[in-house]
Amino acid sequence: MPATNILANLFVTLYNNETRRKGECTILPTSKLGIEVLKTLQKDGYIGEFEHIDDKRGGKFKIKLLAKITKCGAISPRFKVKTDEFNNWEQQYLPAYDRGMLLVTTNQGVMSHHDAAQKGIGGFLIGYVY
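The structure presented is a predicted model; accordingly, all values stated were derived computationally and were not measured. Each chain carries its own residue numbering, running from 1 in the written order of its sequence. The predicted origin of the model limits local features to residues at a pLDDT of at least 70 and limits the giving and counting of side-chain atom pairs to 80 or more, whereas totals for whole chains, interfaces and linings rest on all residues. Based on all heavy atoms of the structure, the side-chain values leave hydrogens and waters out of the count.

Some thoughts on helix H1 (residues 6-19)
And step 1. In a regular helix each residue adds 1.5 Å, so 14 residues correspond to 20 Å; H1 covers 20 Å between its end C-alpha atoms and thus fits that length.
And step 2. N-cap assignment for H1: the residue whose side-chain oxygen lies 3.3 Å from the backbone N of Leu7 is Asn5.
And step 3. The first or second residue beyond H1 is Arg21, which carries a positive phi of 60 degrees. Only DSSP runs of H or I reaching four residues or more are called helices, and only runs of E reaching two or more are called strands; each is numbered from the N terminus. Here, expected helix span is obtained from the residue count minus one, scaled by 1.5 Å. Here a polar contact means two N or O atoms within 3.5 Å. Within protein one must be a hydrogen donor candidate and the other an acceptor candidate, and residues neighboring in sequence count only if both atoms are side-chain atoms.

Remarks on the sheet that holds strand E3 (residues 60-65)
And step 1. Taking strand neighbours across the sheet as the criterion, the 3 strands line up as E1-E3-E2 in an open arrangement whose pairing is antiparallel. Either end of the sheet is taken by a strand with one partner, and the two such strands are strand E1 (24-27) and strand E2 (47-53). Averaged over all neighbouring strand pairs, the angle between strand axes comes to 20 degrees, with direction disregarded.
And step 2. Here, any two strands with at least 2 DSSP bridges between them count as paired. As paired strands, E2 and E3 are joined by 5 bridges and run antiparallel to one another. Comment: axis = line fitted to C-alpha atoms, over the contacting stretch for helices; angle = value between 0 and 180 degrees taken between N-to-C directions.

A few points about helix H3 (residues 86-93)
And step 1. To sort residues, take the accessible area from a 1.4 Å probe on protein chains only and compare it with the maximum for the residue type: under 20% means buried, over 50% means exposed, and anything in between is partly exposed. For H3, the set of buried residues is Phe86, Trp89 and Glu90. Buried residues in H3, looked at end-on, bunch into an arc of 110 degrees, giving them a common side. Turned more than 90 degrees away from the buried face of H3 sit Asn88, Gln91 and Gln92, all of them exposed. When we speak of the arc, we mean the arc of directions from the helix axis to the C-beta atoms.

What to know about the packing of aromatic side chains
And step 1. What counts as a ring pair is set by centres within 6.5 Å for rings of Phe, Tyr and Trp (its six-membered ring), and what kind of pair is set by the plane angle: stacked under 30 degrees, edge-to-face over 60, tilted for all other angles. Throughout the structure, instances matching the rule amount to 5 aromatic pairs.
And step 2. Aromatic side chains Phe79 and Trp89 sit 4.8 Å apart centroid to centroid with 25 degrees between the ring planes, which places their arrangement in the stacked category. Of the two residues, Phe79 sits in the loop between strand E4 (72-74) and strand E5 (80-81) while Trp89 sits in helix H3, which places them 10 residues apart along the sequence.
And step 3. By the ring-pair criterion, three or more aromatic residues cluster together here, those being Phe79, Trp89, Tyr93, Tyr128 and Tyr130.
And step 4. Taking the ring centre of Tyr15 as reference, the NZ or CZ of Lys71 above it sits at 4.4 Å. In our convention, an over-ring charge means Lys NZ or Arg CZ found within 6 Å of a ring centre and within 35 degrees of that ring's normal.

A short note on the environment of Thr40
And step 1. Assignment of secondary structure puts Thr40 in helix H2 (residues 32-43).
And step 2. For Thr40, a relative accessible area of 5% translates into the label buried.
And step 3. Distance in space between the C-alpha atoms of Thr40 and Asn88 is 22 Å, their sequence separation being 48 residues.
And step 4. Those residues in contact with Thr40, other than ones at most four positions away along the chain, are Met101, Leu103, Val110, Met111 and Ser112.
And step 5. Polar side-chain contacts of Thr40 include one of 3.0 Å to the backbone oxygen of Glu36. Only heavy atoms matter for contacts: two residues are in contact if any of them lie within 4.5 Å across the pair.

Function cannot be read off these values alone, since they describe shape.
Here's what the structure looks like:
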């Protein structure tokens, strides 16, 4: 049976493997949005190197874990957020002001809410990590 929400499956698998102190994990199936989310997590230092394996059946991600994720998850439904509203959503999903990040999909790609606020653009919330 196919996964109904690939992004939620990605975050749950990451969280479960991090809490079990695994060194790496395999996530399937993949998506283009999943690749962009993993690039953002890697850029901010939450995960190590990752590899996309195309097996002609949906694909797989092999991800090196760095034991830096305490909690992560998908935000559903994907709420629309403006530039000046990031603080309200931070209070709802993150434990402290300077801890963690919200993942936002914008017209310039997937980025953290810190980058989106710095560029002055809004978008849709897709996940959180801290």
